[in-house]
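Chain residues, written in single-letter form:
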Amino acid sequence: IFSGKRMSDNYCHAFVPIFNTNKEVKILLLSNTVLIQKKKKRLQSNIFTNLFHEKCLKARKTVLYSSFSENTLNIIQKELKQENQTVDKTAFGPFFLASFLLVSILAFNLRRIFLKNKCILALFLILSGGFFFLSTKKKNPMNIKKEMLDAFSSGQKDSLKKTILYTTTHFELNDQNIKKEIFEIYKMYVLIFLQDSVPKLDEIEELIKIKNFFDISNEEIGEYHSQIAIDLYRQYRIELERTPSEYLFKKIDKFIFLSDRIFSIDSEKGRKYEMTRLRKIFSLSEEKTFSHCSTVSYSIYFKIIELLFKNNSWDLDNLETIQATVGISQDDKNKIHFFFLKNFIVELISKEKKISSEDQKKIQSIKMLFKINEENFQNLWIELVKPFFTSEIANHTTQCVKILNENNIQETVNFFLEKKKDFFLSSSESINFFLFELKNVLQDTLNSILKTHMQKKSIISEVEKVLNIHQNIKKILQLLCQLDQNMNFVYDNTLFYEIKQDFDSMKFVEIFEHFIKNCFENISILPEKQENISDLKQIFFISEEKYKEMYNKEAQPLFEKKIVDLVECKKFTVEEVDFLKKFQFSLKLSEEAALDVKIRVYKNYLYNVMDKRKNISQENKIKLNKIKNLLLLKWSDIQIFYNEINDLLYKKAISEAMGVSGFISTEYWKKLEKLRKNLKITEKKARNIFYQVCKDKAGYIFDQVITQHKKKNQPKE
């Protein structure tokens, strides 16, 4: 039915005729078994019986077409009142005839007495009429329902017990008859509720109240709903053969939902059993039934919470009971709670761009009403407040791309603390929001850098904005920590690291290299730029190895040029030595990098002053020595060059000293040592050269021996 499709023929009694064959008749005839049995004994003609049913139906139509804004109990009481009147009028005819005959016979027999004394005749007629009236009134079981409903409306179970005791005594009814009366009352309520296709919370509560007041067991409730379902299905099948009605579909849908809610009072196993019975009657799948009930539960609970917010009423203490009554799941309930709470908070903030103390109290009341734990509430609060807070501080964060003085920093910090208070944010949350907004500014700046396609001037200006953001963040956070004792934040460039992950790291390396080149173009301002270079290295997370490579690539040529200028000008004094030290310091050139430059310069001059035979004149030796002193080089720093230059010369001298025999005399040993010192070859290098010569000589001698041995052993012709 939930999909609007026709149900299949699955119930064997679907076409059993019933009174309710007219589409306009909204409630089935509620008949009383005892009344029918006694009526049959009293009524002698079928004419009176048909008249009884016809008038009952007319009376029921009159009541049910009245406004449903009336209380359900009042509607039922009006219905019972009209049924009582109909029954009284219907029963009056046969009883009147019988009484008339009885009175006539008595009057005929006592005619002499009545003729003599008219007072006795009048008294006789009065007593006969009173007896007729009291007998009719007493024997109308419709009064039983009315008294039961009166007891239900007053909530007095003692009154109900008295009614039941009186009924069983005077009408000879047993417990089974009483249960049938209760069933009819319950059925009246259900059928009246079904006239409106939209389920309501008070309808569920009313049915539960009836169940509890009349002590209806779970099994009996299941049977009640099963009987009502059969009647509804019959009505459905009859009307379906005429004109399908959407109203009837919705009516059955609502009945399924109400049944599910009433069955939920029972155990889960019992609920499933009873719902299975109903599903079989209406040919509904378990999946669709569950989906329908969940949807209706969500709708009812949504409207309840909507009404709470509309009336600004946060003192409801039975919200969990309502949740259990409508059967909404915990997840759906939380969705509704968070939906309305979100809208409420956003609406409050949107008005004045802040949260007042009164608003905060309301929010806390809602939080307590919905029983939202602190962690979930804080997560929701952060989610909602974040866009408003960042929007408020956006103007100040965008100014961080400029160089801010102390007054600007103070103004930004004061505004930040004010907004932190307006939005009831903790120190850590407000700092995170501040950094988040700065992250957006920084990201835009980096995107702007990459869009310049490495144009020199544009890159430098944009990089300076990045450096300004870096410096301003440190100053702002430092001042915040001083003014707010709850703030204990250490700035560690995490913000820049997170952004860097969104870009190509090689692009940052290129940008850094461009910036370093720009810094070295004007050596006079280089010391002022050193801090910027160091900051940018941290911002772009350039490795130390890569940093040294790029920095030395720019700094070493400048240092080398300065040394060459001094050498060419033949300035080898102590003043020039001090000048080189200061220049090296101004370049922030490490000792290792500076030594590489010095050795390279010395090596170039060394190779330039040698002749073709690799001999160095005395004059050039003096010049090389001056260069060595100017550069503060140790002999160990340049020894390797002399080893390389004189390697072949010393090797040749050893070979000549060995001669053919391979033996070196003492005299030659002394001459070789003197030569080593003149050539400035280390002992280790000289030893390696000697070993190499010996190895080559031994190899030659060994080859000669093998050759001679082969010739000697060669067979003669």
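Residues numbered from 1 in each chain as written. Predicted model: local features only at pLDDT ≥ 70, side-chain atom pairs only at ≥ 80, totals over all residues. Heavy atoms only, no water.

This part is about the overall build of the chain. Helix and strand counts for the chain come out as 32 helices and zero strands. Evaluated residue by residue, the chain yields a buried proportion of 42% over its 717 residues. (Helix = DSSP H or I, 4+ residues; strand = E, 2+ residues; numbered from the N terminus. Buried < 20%, exposed > 50% of the residue type's maximum accessible area, 1.4 Å probe, protein only.)

This paragraph deals with the nonpolar core. Membership of the largest hydrophobic core comes to 158 residues, with the highest contact counts inside it found for Phe214 and Phe282. For this core, the element with the most residues is helix 21 (residues 456-483), which contributes eleven residues. If you look at the next biggest cluster of nonpolar residues, it comprises 13 residues, including Tyr650, Leu679, Ile681 and Val693. (Core = buried A, V, L, I, M, F, W, Y, C linked by side-chain atoms within 4.5 Å.)

Right, let's get into helix 17 (residues 374-392). Between its first and last C-alpha, helix 17 extends 26 Å over 19 residues, near the 27 Å set by a 1.5 Å rise per residue. A maximum bend of about 40° is found in helix 17 at Val385, where proline Pro387 lies one to four positions downstream. For helix 17, the complete set of buried residues consists of Phe377, Leu380, Trp381, Leu384, Val385, Phe388, Phe389 and Thr390. At its buried positions, helix 17 is contacted by helix 15 (330-352), helix 16 (357-370), helix 18 (394-398), helix 19 (406-422) and helix 20 (427-451). (Expected span 1.5 Å × (residues − 1). Bend = angle between axes of the 7 residues up to and from the residue. Contact = heavy atoms within 4.5 Å.)

With that settled, consider unusual backbone geometry. Notably, Lys570 is not glycine yet its phi reads approximately 55°, a positive angle. Structurally, Lys570 can be placed in the loop between helix 25 (544-568) and helix 26 (574-586). Positive phi is not limited to glycine here, since Lys588 has a value of about 55°. In this structure, Lys588 sits in the loop between helix 26 and helix 27 (591-609). Judged by its relative accessible area of 43%, Lys588 is partly exposed.

A few words on the packing of aromatic side chains. Under the definition given, this model contains 27 aromatic pairs. Pairing Phe520 with Tyr551 gives two aromatic rings, centres 5.1 Å apart and planes at 65°, and the pair type is edge-to-face. One end of the pair, Phe520, is in helix 23 (residues 505-521); the other, Tyr551, is in helix 25, with 31 residues separating them in the sequence. By relative accessible area, Tyr551 is classed as buried at 2%. (Phe/Tyr/Trp six-rings, centres within 6.5 Å; stacked < 30°, edge-to-face > 60°.)

With 14 residues, helix 16 should reach 20 Å at 1.5 Å per residue; the first-to-last C-alpha distance of 20 Å fits that figure. Where helix 16 is buried, its residues touch helix 13 (286-311), helix 14 (319-326), helix 15 and helix 17. Backbone geometry just downstream of helix 16 places Lys371 in the positive-phi region, at approximately 55°.

The subject of this paragraph is the packing of helix 15 against helix 17. Two quantities define a packed helix pair, namely the angle between the helix axes and the distance between the axes. Following both chains from N to C, one finds helix 15 and helix 17 inclined at 35°, their axes separated by 11 Å at the closest point. Of the two elements, helix 15 crosses helix 17, and the hand of that crossing is right-handed. Counted together, Phe338, Leu341, Lys342, Ile345, Val346, Ile349 and Ser350 of helix 15 and Asn376, Phe377, Leu380, Trp381, Glu383, Leu384, Val385 and Phe388 of helix 17 form the full contact between these two elements. Considering only residue class, the contact of helix 15 with helix 17 consists of eleven nonpolar, two polar and two charged. (Axes fitted to C-alpha atoms, helices over the stretch in contact; angles between N-to-C directions. Left-handed = near helix turned anticlockwise from the far one by under 90°. Nonpolar A, V, L, I, M, F, W, Y, C, P; charged D, E, K, R; others polar.)

Of all residues in the chain, 73% attain a pLDDT of 70 or more, and the chain-wide mean is 76. Model confidence for the chain, summarised as mean pLDDT per element, is weakest for helix 2 (residues 46-64) at 35 and strongest for helix 15 at 92. Across residues 3-70, confidence stays below pLDDT 50; counting only partners more than four residues off in sequence or on other chains, it has 110 contacts. Below pLDDT 50 for its whole length, residues 87-92 participates in ten contacts with residues either more than four positions away or in separate chains. (pLDDT = per-residue confidence, 0-100.)

The next point concerns the environment of Asn447. Structurally, the position occupied by Asn447 is in helix 20. For Asn447, a relative accessible area of 29% translates into the label partly exposed.

With respect to the helices and strands, Gln530 occurs in helix 24 (residues 526-539). Those residues in contact with Gln530, other than ones at most four positions away along the chain, are Tyr551, Ser586, Leu587 and Lys588.

Right, let's talk about the environment of Tyr247 for a bit. Mapped onto the elements, Tyr247 comes out in helix 11 (residues 246-263). Look at Tyr247 and you get partly exposed, because its relative accessible area is 29%. Residues Tyr247 and Ser197 lie 50 residues apart in sequence; the distance between their C-alpha atoms is 7.2 Å.

The next point concerns the pattern of salt bridges. Under the counting rule described, the total for this entry stands at 22 salt bridges. Where salt bridges share partners, they join Asp260, Arg261, Glu268 and Arg271 into one cluster. (Salt bridge = Lys/Arg side-chain N within 4 Å of Asp/Glu carboxyl O.)

A separate point is the side chain of Glu274. Within the secondary structure layout, Glu274 lies in helix 12 (residues 268-282). Side chain to side chain, Glu274 and Arg277 meet in a polar contact 3.1 Å long. If near-sequence neighbours (up to four positions away) are discounted, Glu274 is found in contact with Asn218, Gly222 and Phe263. (Polar contact = N/O pair within 3.5 Å; in protein donor to acceptor, adjacent residues only side chain to side chain.)

Turning to the packing of helix 8 (residues 175-193) against helix 10 (residues 218-240), a few remarks are in order. The interhelical angle for the contact between helix 8 and helix 10, taken along N-to-C directions, is 55°, at an axis separation of 11 Å. By the angle between their directions, the pair helix 8 and helix 10 is classed as oblique. Here helix 8 runs over helix 10; the crossing is right-handed. Across from Lys179, Ile182, Phe183, Tyr186, Lys187, Val190 and Leu191 in helix 8, the residues of helix 10 making contact are Glu220, Ile221, Tyr224, His225, Gln227, Ile228 and Asp231. Of the residues assigned to the contact of helix 8 with helix 10, the class counts are eight nonpolar, two polar and four charged. (Parallel < 35°, antiparallel > 145°, perpendicular 65-115°, else oblique.)

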